[in-house]
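Here's the letter readout for the chains.
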Amino acid sequence: MSWLSEFRRRLRARRLLKQADHPAFVEEYLAACGRSSDTRRDLAAFRFVVLDTETTGLDPHQAELLALGAVAVVGGSVRVANSFEALVRPDQDASHANVEVHGILPAESRAGRSRAAVLAAFLSYIRADIIVAHNAGFDVTLLNRDLKADFGIELLNPVLDTAVLARRLEDPTAASGGGSFAPGTFSLDRLAQKHGVPVKERHSAHGDAFVTAQLLLALFAHARRRGLVSPADLL
């Protein structure tokens, strides 16, 4: 992330904070995002929030959020005790095909918390820390849509995509469109296997977040060998 992008992110947070009356947890989130942070410091100095979602479909503009899971990575280790996991009560039940993937039964979903309550708790959990996800575009698009609808804001955190990072580390020209790889090369399952990450509880939000967090640490080790040692080098 360039200094200009970081400056714009902080400025946007400060402007949103001044524009309207927000719930206290939103004000705290915006205030945290508005503070300066030197992303040139070592990776170990930062808290990374690794997240995953389970939804009713594959279109982030149409699907409903069913579950949100996250785990923190701090100081080079996965902090299982510092995790987030919540079921969301949707407006409609997931299809039978989707239930077979994520295993969340309609009765479990109906017993979940409201979307607004889950997102409020999640904002307090992530603060201004760096968000990590595998193929992050889907999760971030869906969360931004729901945050906009419920609270009038979107995520302001820096976002690190492990699929993009893995491709970049495999081929430095990938960021500029270079490189040619077989389909599925950078799937979560394939990368976990390649880096020796045990895969358990796949296709649950918290389980996938945990696998992605372990993959993140493996990618950090690879990045360090290439001299990439700070968030600024990776974002």
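Here, the structure is the one placed above.
Reference entry: report on the structure contained in this document. Just so you know, these numbers come straight off a predicted model, no measurement behind them. Within each chain, residue numbers correspond to sequence positions counted from 1 in written order. This being a predicted model, a pLDDT of at least 70 is required before a residue's local features are given, and a value of 80 or more before pairs of side-chain atoms are given or counted; all residues contribute to the totals for chains, interfaces and linings. With hydrogens and water set aside, each side-chain value is computed from the structure's full complement of heavy atoms.

## Re a nonpolar patch on the surface
For patches, a residue must show more than 30% relative accessible area and have no salt bridge; joins then use 9 Å for like charges and 5 Å for nonpolar side chains, namely Val, Leu, Ile, Met, Phe, Trp and Tyr. The accessible surface values rely on the Shrake-Rupley method and a 1.4 Å probe; as for residues, cover is taken only from the protein chains in view. In what follows, salt bridge is the name for a side-chain nitrogen of Lys or Arg lying within 4 Å of a carboxyl oxygen of Asp or Glu. Judged by side-chain polarity, W3, L4 and F7 come together as a nonpolar surface patch covering roughly 350 Å² of accessible area. Counting from the N terminus, the helices are DSSP H or I runs at least four residues long and the strands are E runs at least two residues long. Relative to the helices and strands, W3 resides in helix α1 (residues 3–19).

## Description of the nonpolar core
Judged by nonpolar contacts, the single largest core of 34 residues is most densely connected at Y29, F122, I126 and L155. Mapped by element, the contributors of at least two residues to this core are α1, α2 (24–34), β1 (47–55), β2 (65–74), β3 (77–87), α5 (115–126), β4 (130–133) and α6 (136–151). When residues in this core are grouped by element, the largest group, 7 residues, is from α5. A contact between two residues is defined here by any heavy atoms of the two lying within 4.5 Å. In contact with F122, other than residues within four places in its own chain, are L51, L68, A70, F84 and L143. In this text, buried Ala, Val, Leu, Ile, Met, Phe, Trp, Tyr and Cys residues form a nonpolar core when linked through side-chain atoms within 4.5 Å. With a 1.4 Å probe rolled over the protein chains alone, any residue whose accessible area is under 20% of its type maximum counts as buried; one over 50% counts as exposed, and the rest are partly exposed.

## Describing the pattern of salt bridges
If you walk through the whole model with that rule in mind, you get 11 salt bridges. We note a salt bridge from D150 to R115, for which the minimum N-O separation is 2.8 Å. In this pair, D150 is assigned in helix α6 and R115 in helix α5, connecting sequence segments 35 residues apart. Note on D150: relative accessible area 28%, which makes it partly exposed. The class for R115 is partly exposed, based on a relative accessible area of 28%. Sharing partners across several salt bridges, the network here consists of R115, R145, D146 and D150.

## Thoughts on the environment of P23
Inspection of the secondary structure assignment puts P23 in the loop between α1 and α2. A sequence separation of 128 residues divides P23 from F151, and the C-alpha atoms of the two residues are 8.3 Å apart.

## Examining the pairing of β1
For β1, a buried count of 9 out of 9 residues is recorded, marking the element as mostly surrounded by other parts of the structure. Burial along β1 is two-sided: the face carrying R47, V49, L51, T53 and T55 and the face carrying F48, V50, D52 and E54 are both buried. A pair of strands is treated as paired once DSSP finds two or more bridges between them. The pairing of β1 with β2 spans 9 bridges and is antiparallel. Paired with V50 across the bridge in β2 is V71. Of the pairings in the sheet, the one linking β1 to β4 comprises 3 bridges and is parallel in character. Within β4, the position partnered with F48 by the bridge is I130.

## As for the sheet that holds β1
Strand order in the open sheet formed by 5 strands is β3-β2-β1-β4-β5, and the pairing between neighbours is mixed. Strands with a single pairing partner mark the edges of an open sheet, and in this sheet they are β3 and β5 (159–161). The sheet shows a mean angle of 25° between the axes of neighbouring strands, taken without regard to direction. Those strands touched by α6 are β1, β2, β4 and β5, and its axis lies near 80° from that of β1. To obtain each axis, a line is fitted to C-alpha atoms, and for helices this fit is confined to the stretch in contact; angles are then taken between N-to-C directions over 0 to 180 degrees.

## Points about the packing of aromatic side chains
Describing an aromatic ring pair means giving the distance of the ring centres and the angle of the ring planes. In summary, the pairing rule links any two rings of Phe, Tyr or Trp, Trp by its six-membered ring, whose centres are within 6.5 Å, and it sorts them by plane angle into stacked for under 30 degrees, edge-to-face for over 60 and tilted for everything else. Counting across every chain of the model gives 6 aromatic pairs. Ring plane angle 85° and centroid distance 5.1 Å describe the contact between F25 and F151, whose orientation is recorded as edge-to-face. With F25 in helix α2 and F151 in helix α6, the pair connects residues that are 126 residues apart, well separated along the chain. A residue is classified by how much of its surface remains accessible, and F151, at 15% relative accessible area, is buried. A centroid spacing of 4.9 Å and a plane angle of 80° characterise the contact between F181 and F186, whose relative ring orientation is edge-to-face. For F186, a relative accessible area of 12% gives the class buried. Here a set of aromatic residues connected by ring pairs shows up, and it is made of F84, F122 and Y125. The ring of F46 has R41 lying over it, and the distance from NZ or CZ to the ring centre is 4.5 Å. As a reminder, the over-ring test applies to NZ of lysine and CZ of arginine, requiring each to be within 6 Å of the ring centre and within 35 degrees of the ring normal. The residue whose ring lies beneath R47 is Y125, and the NZ or CZ to ring-centre distance is 4.7 Å.

## Topic: α2
Of all the positions in α2, only V26, Y29, L30, A32, C33 and G34 are classed as buried. Contact partners of the buried residues in α2: α1, α5 and α6.

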